[in-house]
Every structure is written in C-alpha cells, then in structure tokens.
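Report on the structure
So the chains spell out like this:
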Amino acid sequence: MDLKGRDFLKLLDFTPEEITYLVDLAAELKDKKKKGIPVDTLRGKNIALIFEKTSTRTRCAFEVAANDLGMGCTYLDPSSSQIGKKESIADTARVLAGMFDGIEYRGYEQTIVEELAKYSKVPVWNGLTNEFHPTQMLADLLTIREHFGHVKGIKLSYMGDARYNMANSLMVVCAKMGMHFIACTTPKYFPEEALVKQCEEIAKQTGGSITLTSDTMAGTKDVDVVYTDVWVSMGEPDDVWTERIKDLSPYQVNKAVMDNAGDKAIFLHCLPAFHDLKTQIGAQMGERFGITEMEVTDEVFESEKSLVFEEAENRMHTIKAVMAATLGA
Ligand code: CP
Ligand code: NVA
C-alpha cells in the first residue's frame, strides 16, 4: 500500500483497503509506543498546523505524533496568521508548501481544505471542517476494533445533529467499511439527501447499510455503538441553542438508550462533551434552560460502557499513521 504524497481530506477519497491499512498502521504504531520502541523515521521533516477553530485533541495529537516521528511542528492559530484576511488560501498553500512537508487544516467549509490541497504540492490533512472530520473516523474505527475485534457488520447509531461533520463522516466510514449506520434523530436533522444516496451506493458494495429514523428505541435497539456529539458545533451562532435543546433533547444518550442497545454496546463521543455543568458553556446552558446535561448524561459518560478517553488517545496513534503513510516513513 503506497499512500505517499496523498492528501487526507475526506474518507470518500479512500478505498476500504486503504482505510484498513491506516488503522492497521495506527495499531502497530500504538503498540510500538506502548513498548517504548521509537519510530522517528520522519526526522528532518516539518509540518504546519492551521487552526481557524479551537482544538484540544486534534492539535495535541498532531503535535505529539509529529514529535514522536522526529518532525518539527509549527502551530498557526486563528489570529496569528494572514490566512483569509490578507492572503488567499491558494497563496498560503504555495507559501507553506515551500517550507513544510505537510499541512494540517481545521476550519469552516470543506471547499477551503480542498482548495488548500489543490494549490499545495505537499500533503494536506483535514483536521475538521463543517462537513467532515476524517482523522476522528480512524480513531473511532481503531477504538471499535479494539473492543469488538472487527468493524465489518458493526451497528452504529448516531443520535443528535446528523447534518454536520460527525454524522456525515460516520455515515461515510460505515458505508465504506461494511458497517450499519443509523441516524437516530428528528427528520429536520437527518443528513443531506445527496450524501445519504452516495453512501447507500457504497454500502451496497460493502454489505453495509444506512437507516434514518426518528424512533429512539427502534434506532438504538441492539446496536453495538451509540455515538453522539455536541448539539451546537463550533462556528454556529449562539442563538441556535434554544431550538437545538428543544429539538434534540429526546435524542439524549441516557441509561435507557444504553440498556436498549446490545449487551456489549459501547458509548463513543468525539469530545468535548456536555455531560455536566462543569464547563463555562455547560453552566450557562444550565442557567438558561434549567438542565444539568445535554447530549449525554453524566451517568453514561462516566460508565464502563463509555470508551471516550480510549477514543481520544487513539486520535494520536491514528493521526501518526496518516502522517507516516502520506509522508512516506
Ligand atoms: N474531537 C476533536 O476533534 O476534539 P478537538 O476539537 O479538541 O480537537
Ligand atoms: N461537531 C463538532 C465536532 C467537534 C470535534 C464541531 O464541529 O464543533
């Protein structure tokens, strides 16, 4: 498998075999890291990280993985570069590609990261856009595989806003990997029809399936993975909270949902999560709406079924695999 020089922008661009290769490589790199075996085969290379939205996991995963691989790493935050304000994406891509061996981009529309890649002669990695979050998918696949021993045939139910980056990406990855994706939410929040159709076509080839349902119990019955995400994503206006809480509260992941899922079912969340009032926004929402939890109850979040911190750690091993594969370790 040769992925050297490839961009990593969305999983629609990758075959099931390529995706499996990246997850296998991540598992191997994880094992080596645990055993203290260094893999610094990218010594002398440098990468740039562009973040137009905030991050904890993705930024740290790229930085630690780059260090482990022996690379230098430069972080550009939303306010400290000329991108978009004084310099176009096309110009930025050509400037950075002259200095760096790879570029990570987190921001708004998918078209921006696609344009960056078009003008960059070095690999570009999507660290999250409004539409897709592909590096998160590799971490989720690794976590699912570690728990169940396989990914094919796994039933995954996504509850919440299924029109955004997380549900879109999960639907694509399930279709690609022969898994069963269920969007369990109110129809207003179902994924875009064109992407559903595209994923249904892919799923036909792989033995996967796509289901859209607003029935909470039917949508989570005997599933293997219950997945959710924040109800309001980065970059969305503050005034959507009222509507989201009203619309999505019936799709909160709680004990009843987990009890209805399969015996070995796990809970996953890309994080950050609103499961208590211990954050600024959590506390504000508590005051405004008289609630103590949002997309997931604290009980489920803290339960044994919740693998969210294993999942978060896997961000680093999988991002390392993406860089090693595309930079040719
Ligand atoms: N899951 C995820 O992408 O987390 P960050 O926003 O902290 O990077
Ligand atoms: N949907 C969330 C995912 C965060 C990792 C957001 O875009 O903010």
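Here the structure is a predicted model, which is why all the values come from computation and not from measurement.

1. A look at the overall build of the chain
Looking only at helices and strands, one finds 13 helices and nine strands in the chain. Along the longest, intermediate and shortest principal axes, the C-alpha atoms of the chain span 50 × 40 × 40 Å. Put simply, the chain has 329 residues, and 56% of those count as buried. Partitioning the contacts of the chain with sequence separation of at least 6, the portion at a separation of at least 24 is 76%. Placing the 37 positive and 50 negative side-chain charges of the chain at their respective mean positions leaves the two points 4 Å apart.

2. Section: the site of ligand 1
Near ligand 1 the following residues occur: Ser 55, Thr 56, Arg 57, Thr 58, Arg 106, His 133, Gln 136, Cys 270, Leu 271 and Arg 315. Between an oxygen atom of ligand 1 and a main-chain N or O atom of Thr 56, the distance comes to 2.7 Å. At a separation of 3.0 Å, a nitrogen atom of ligand 1 approaches a polar backbone atom of Leu 271. When ligand 1 sits alone it has 260 Å² of accessible area, and the protein chains cover 96% of it. Tallied by class, the residues present in the shell around ligand 1 amount to two nonpolar, five polar and three charged.

3. Section: the pairing of strand S2 (residues 72–76)
The sheet contact formed by strand S1 (residues 46–51) and S2 spans five bridges and is parallel. Its bridge partner being in S2, Ala 48 is matched across the sheet by Thr 74.

4. So, the site of ligand 2
Around ligand 2 lies a shell formed by Leu 128, Tyr 164, Asn 165, Asp 229, Val 230, Ser 233, Met 234, Cys 270 and Leu 271. A distance of 2.8 Å separates an oxygen atom of ligand 2 from a polar side-chain atom of Asn 165. At a separation of 2.5 Å, a nitrogen atom of ligand 2 approaches a polar side-chain atom of Asp 229. Class assignment for the residues of the shell around ligand 2 results in six nonpolar, two polar and one charged.

5. Brief notes about the sheet that holds strand S8 (residues 225–228)
The five strands are arranged S7-S6-S5-S8-S9 in an open sheet whose pairing can be described as parallel. Of all the strands in the sheet, just strand S7 (209–213) and strand S9 (266–269) have a single pairing partner and so form its edges. With direction set aside, neighbouring strand axes in the sheet form an average angle of 20°.

6. Quick word on helix H11 (residues 280–289)
Among all positions in H11, only Gly 282, Met 285 and Gly 286 are buried. Down the axis of H11, the smallest arc covering the buried residues is 105°, so these residues share one side. With respect to the buried face of H11, the exposed residues turned more than 90 degrees away are Gln 280 and Glu 287. Along its buried surface, H11 packs onto helix H9 (241–248).

7. Let's talk about the nonpolar core
Most often, soluble globular proteins keep nonpolar side chains buried together rather than apart. Counting residues in each nonpolar core, the largest one holds 67 residues, and the members touching the most others are Ile 47, Ile 144, Leu 156, Tyr 158, Phe 181 and Met 323. If we skip the residues at most four places from it in the chain, Leu 156 touches Ile 144, Leu 170, Cys 174, His 180, Phe 181, Ile 182, Val 225 and Tyr 227.

8. A word on the packing of aromatic side chains
Across all of its chains, the model carries six aromatic pairs by this definition. Judged by centre distance (5.2 Å) and plane angle (55°), the rings of Phe 8 and Phe 14 are tilted. Looking at Phe 14, the relative accessible area reads 2%, which means it is buried. Over the aromatic face of Phe 14 sits the side chain of Arg 6, whose NZ or CZ is 4.4 Å from the ring centroid. Looking at Lys 53, its charged tip hangs above the ring of Tyr 108, at a distance of 4.7 Å from the centre.

9. A short note on the pattern of salt bridges
Within the structure shown, the criterion is met by 22 salt bridges. Note that Glu 313 and Lys 34 form a salt bridge whose closest N and O atoms lie 2.7 Å from each other. One end of the pair, Glu 313, is in helix H13 (residues 308–327); the other, Lys 34, is in helix H1 (residues 16–35), with 279 residues separating them in the sequence. Among the residues examined, Glu 313 registers a relative accessible area of 32% and is labelled partly exposed. The class for Lys 34 is exposed, based on a relative accessible area of 55%. Note that Glu 201 is salt-bridged to Lys 204, the shortest N-O span being 3.0 Å.

10. Points about the environment of Ile 154
Structurally, Ile 154 can be placed in the loop between helix H5 (134–148) and strand S5 (155–159). Residue Ile 154 is classed as buried on the basis of its relative accessible area, which comes to 1%. Placed 124 residues apart in sequence, Ile 154 and Lys 278 show a C-alpha to C-alpha distance of 33 Å. Not counting residues up to four positions away in its chain, the partners in contact with Ile 154 are Ile 144, Phe 148, Met 179, His 180, Asp 224 and Val 225.

11. Thoughts on the sheet that holds S2
Spatially, S2-S1-S3-S4 is the arrangement adopted by the four strands of the open sheet, whose pairing is parallel. The open sheet has two edge strands with one neighbour each: S2 and strand S4 (124–126). The sheet shows a mean angle of 20° between the axes of neighbouring strands, taken without regard to direction. Sitting on the sheet, helix H4 (residues 110–119) is in contact with S1, strand S3 (102–106) and S4, with an inclination near 165° to S4.

Cut-offs applied
Residues numbered from 1 in each chain as written. Chains lettered and ligands numbered in written order. Predicted model: local features only at pLDDT ≥ 70, side-chain atom pairs only at ≥ 80, totals over all residues. Heavy atoms only, no water. Helix = DSSP H or I, 4+ residues; strand = E, 2+ residues; numbered from the N terminus. Buried < 20%, exposed > 50% of the residue type's maximum accessible area, 1.4 Å probe, protein only. Contact = heavy atoms within 4.5 Å. Lys, Arg positive; Asp, Glu negative; His and termini not counted. Charge placed at Lys NZ, Arg CZ, Asp CG, Glu CD. Near = heavy atom within 4 Å. Polar contact = N/O pair within 3.5 Å; in protein donor to acceptor, adjacent residues only side chain to side chain. Areas by Shrake-Rupley, 256 points an atom, 1.4 Å probe, with all protein chains shown as cover. Nonpolar A, V, L, I, M, F, W, Y, C, P; charged D, E, K, R; others polar. Pairing = 2+ DSSP bridges. Axes fitted to C-alpha atoms, helices over the stretch in contact; angles between N-to-C directions. Arc of directions from axis to C-beta. Core = buried A, V, L, I, M, F, W, Y, C linked by side-chain atoms within 4.5 Å. Phe/Tyr/Trp six-rings, centres within 6.5 Å; stacked < 30°, edge-to-face > 60°. Lys NZ or Arg CZ within 6 Å of the ring centre and 35° of its normal. Salt bridge = Lys/Arg side-chain N within 4 Å of Asp/Glu carboxyl O.

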